[in-house]
Amino acid sequence: MNILVINCGSSSLKFQLIDAVTEQLIAKGLCERIGIDGSQLVYQPAGKEKMKTVTPMEDHTQAIKLVLDALTDKENGVVKELSEIGAVGHRIVHGGEKFAASTLITEEVIAAITECNELAPLHNPANLIGIAACKELMPETPMVAVFDTAFHQTMPQEAYLYGIPYEYYKEYKVRRYGFHGTSHSYVSKKAAEVLGQNYEDLKLIVCHLGNGASVSAVEHGKCVDTSMGLTPLEGLIMGTRSGDIDPAIIEFLAHKENKSIDEIMTILNKKSGVLGLSDNFSSDFRDLEDAYLAGQEASVRTMEAFAYRVAKYIGAYVAAMNGVDGICFTAGLGENSPLIRNLVCKRLGYLGITIDDEQNNKRGKDLVVSTMDSKTKVLVIPTNEELAIARETYAIIK
Ligand code: ADP
């Protein structure tokens, strides 16, 4: 069965068509600048060149229609007709406390996702538009919602509650939710496979280091803590997000700079992180790495602060689980940067970690990068959120 995986943003839409049985990618692509001038579709059947079409897309329905046309196109399509797409899997950012697992999309589910909108005002409404558009164009095709927050719903109360009046939790559900759950789940399971051990027997820490970055503690196959919170702003220093700060800084800066809370929040989300810390040098870790290696002061302090924060979270999660068997690195930076893995792991000598430099310099596949006798294993596991969504969708449709 072919599964269409859809990841809908406010002005973009990423898609992959995956054969759920063989788990092979059939085609993938991206619609950009939906509802904005210059919208374009990038479409790539597996094993072929990318094709770019600049064409107006007024809304997401039009974008999905173009995607479906591309997939069924006589010349470059990959299926003869739409009925060959057995199901659609939608990535949904926030499922609140309502969804601890993926679910078949019904009217009730759509209503429940809509109730989570205020927890993720930038993401959930766009995800819902994607659902509505697919429903309109493929009314008979079953759809599944796969939530970024679901994997973290196993966190115990002491990990998800904040030290603020309890009534805010009861009244508004202010608590830690965590994100990137599909990735943390996929990577931790894969790590157990690579180590040849039972998932349920292991204590694992997953470092998902991309533009957005988060760490999670996975004990015996269940998430017990994660660094992102009510929103994806908490935790690690990220590309442009601040991660943890003293909340009093918000008021302090609002006074000093004569700015509103909204303006300060924009600074914390879009102008902070490694971009802000490097004095606007770059939010891209490739630039920062090159400059770090050349000894540029801004990049040295930024990379060290980034790595320090990751190491600090690892320490916290070793405490949370009273031990750790493996530390996994994933996502753009985690998968591709031997340097960042070194900068983090050099702070973890107390865990008996030694890195195998030859392994650590390899790329693009599942790897154990610690030495054979390293007490705690260090792994690189390329994440694949789309495949994980296709798997979840298939499991439910079957
Ligand atoms: P997201 O999905 O959150 O946008 P990704 O997981 O794609 O993020 O990661 C993007 C980040 O990974 C960027 O900062 C990029 O610079 C970094 N990255 C990608 N490739 C490399 C590389 N070869 N070396 C260092 N950093 C890299």
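Our subject is the structure that appears above.
Residues numbered from 1 in each chain as written. Predicted model: local features only at pLDDT ≥ 70, side-chain atom pairs only at ≥ 80, totals over all residues. Heavy atoms only, no water.

## Considering the overall build of the protein chain
Inference 1: Counting secondary structure elements, the protein chain contains 15 helices and 14 strands.
Inference 2: Its C-alpha atoms give the protein chain a radius of gyration of 21 Å, within 12% of the compact-globule value 21 Å for 398 residues.
Inference 3: Taken along its principal axes, the extent of the C-alpha atoms in the protein chain is 60 × 55 × 45 Å.
Inference 4: Residues counted as buried form 51% of the 398 residues belonging to the protein chain.
Inference 5: Restricting the contact set of the protein chain to residue pairs at least 6 apart, pairs at least 24 apart contribute 60%.
Inference 6: In the structure as shown, the protein chain presents an accessible area of about 18600 Å², 50% of it carried by carbon and sulfur atoms.
Inference 7: Positive and negative side-chain charges of the protein chain, numbering 39 and 52 respectively, have mean locations separated by a distance of 3 Å. (Helix = DSSP H or I, 4+ residues; strand = E, 2+ residues; numbered from the N terminus. Rg over C-alpha atoms; globule rule 2.2 N^0.38 Å. Buried < 20%, exposed > 50% of the residue type's maximum accessible area, 1.4 Å probe, protein only. Contact = heavy atoms within 4.5 Å. Areas by Shrake-Rupley, 256 points an atom, 1.4 Å probe, with all protein chains shown as cover. Lys, Arg positive; Asp, Glu negative; His and termini not counted. Charge placed at Lys NZ, Arg CZ, Asp CG, Glu CD.)

## Examining the pattern of salt bridges
Inference 1: Evaluation of the coordinates by the stated rule reveals 14 salt bridges.
Inference 2: For E234, the salt bridge is made with R176, and the minimal N-O distance between the two is 3.1 Å. Note that E234 is positioned in the loop between β11 (222-226) and α7 (248-257) and R176 in the loop between α5 (166-172) and α6 (181-195), a separation of 58 residues in sequence. Of the two residues, E234 and R176, both sit in the buried class.
Inference 3: By sharing partners, the salt bridges in this structure join E97, K173 and R175 into a single network. (Salt bridge = Lys/Arg side-chain N within 4 Å of Asp/Glu carboxyl O.)

## Focus: a nonpolar patch on the surface
Inference 1: On the surface, a nonpolar cluster with roughly 300 Å² of combined accessible area is contributed by I164, Y168 and Y172.
Inference 2: As for its position among the elements, Y168 is in helix α5. (Patch = residues over 30% accessible without salt bridge, like charges linked within 9 Å, V, L, I, M, F, W, Y side chains within 5 Å.)

## Side note on the sheet that holds strand β9 (residues 203-209)
Inference 1: If you walk across this open sheet you meet the six strands as β11-β10-β9-β12-β14-β13, and the pairing is mixed. Two strands in the sheet have a free side with no partner beyond their single neighbour: β11 and β13 (367-368).
Inference 2: Of the strand pairs in this sheet, β13 and strand β14 (residues 377-380) are connected by two bridges, and their pairing is antiparallel. By the bridge assignment for β14, V368 is matched with L379.
Inference 3: The strands touched by helix α13 (residues 338-345) are β9, β12 (326-330) and β14; relative to β12, the strand with the most contacts, the crossing angle is about 150°. (Pairing = 2+ DSSP bridges. Axes fitted to C-alpha atoms, helices over the stretch in contact; angles between N-to-C directions.)

## So, helix α1 (residues 60-72)
Inference 1: Its 13 residues place the ends of α1 18 Å apart at the C-alpha level, agreeing with the 18 Å of an ideal helix rising 1.5 Å per residue.
Inference 2: Taken residue by residue, α1 has H60, A63, I64, V67, L68, A70 and L71 as its buried positions. End-on, the buried residues of α1 take up no more than an arc of 160°, which puts them together on one face.
Inference 3: Contacts made by the buried residues of α1 are with β1 (2-8), β2 (13-19), β3 (25-32), β4 (40-45), β6 (85-92) and α3 (124-137).
Inference 4: The backbone nitrogen of T61 has a side-chain oxygen 3.3 Å away, supplied by the residue at the start of α1, namely D59. (Expected span 1.5 Å × (residues − 1). Arc of directions from axis to C-beta. Polar contact = N/O pair within 3.5 Å; in protein donor to acceptor, adjacent residues only side chain to side chain.)

## A look at unusual backbone geometry
Inference 1: In the Ramachandran plot, H220 falls in the positive-phi region, its phi being about 50° despite a non-glycine side chain.
Inference 2: When you line up the elements, H220 lands in the loop between β10 (213-219) and β11.
Inference 3: For A331, which is not a glycine, the phi torsion comes out positive at approximately 75°.
Inference 4: Looking at the secondary structure, you find A331 in helix α12 (residues 331-336).
Inference 5: You can call A331 buried: its relative accessible area is 5%.

## Regarding the layout of surface pockets
Inference 1: Empty space within the second largest pocket amounts to approximately 380 Å³.
Inference 2: In this structure, the second largest pocket is lined by 19 residues; those nearest its centre are F151, S185, Y186, K189 and E392.
Inference 3: When residues of the lining of the second largest pocket are traced back to their parent elements, those giving at least two are β8 (143-147), α6 and α15 (385-397).
Inference 4: The element contributing the most residues to the lining of the second largest pocket is α6, with seven residues.
Inference 5: Residues belonging to the lining of the second largest pocket are distributed by class as follows: nine nonpolar, five polar and five charged. (1 Å grid on protein atoms, 1.4 Å probe; cavity = no way out; pocket = protein on both sides within 12 Å on 5 of 7 lines; lining within 4 Å. Points joined across faces, edges and corners; volume = space filled by probe spheres on them. Nonpolar A, V, L, I, M, F, W, Y, C, P; charged D, E, K, R; others polar.)

## Looking at the side chain of S337
Inference 1: With respect to the element layout, S337 can be found in the loop between α12 and α13.
Inference 2: A polar contact of 3.0 Å, which involves the side chain of S337, links it to the backbone nitrogen of I340.

## Notes on the packing of helix α11 (residues 297-321) against α13
Inference 1: Packing of α11 against α13 brings their axes to within 8 Å, and their N-to-C directions diverge by 55°. In terms of axis orientation, α11 runs oblique to α13. Crossing handedness for the pair α11 and α13: right-handed. Contact residues: M303, E304, F306, A307, V310, A311 and I314 in α11; L339, I340, L343 and V344 in α13. (Parallel < 35°, antiparallel > 145°, perpendicular 65-115°, else oblique. Left-handed = near helix turned anticlockwise from the far one by under 90°.)

## Let's talk about the packing of aromatic side chains
Inference 1: In total, this model carries six aromatic pairs according to the counting rule given.
Inference 2: Seen in terms of ring centroids, Y160 and Y169 are 5.9 Å apart; in terms of plane orientation they differ by 45°. Their pairing is tilted. The burial state of Y160 is the same as that of Y169; both residues are buried.
Inference 3: Following the ring pairs from residue to residue traces out a cluster consisting of Y160, Y166 and Y169.
Inference 4: Against the face of Y169 rests K173, its NZ or CZ located 4.8 Å from the ring centre. (Phe/Tyr/Trp six-rings, centres within 6.5 Å; stacked < 30°, edge-to-face > 60°. Lys NZ or Arg CZ within 6 Å of the ring centre and 35° of its normal.)

Interpretation note: all reported values are geometric properties and have no functional meaning in isolation.
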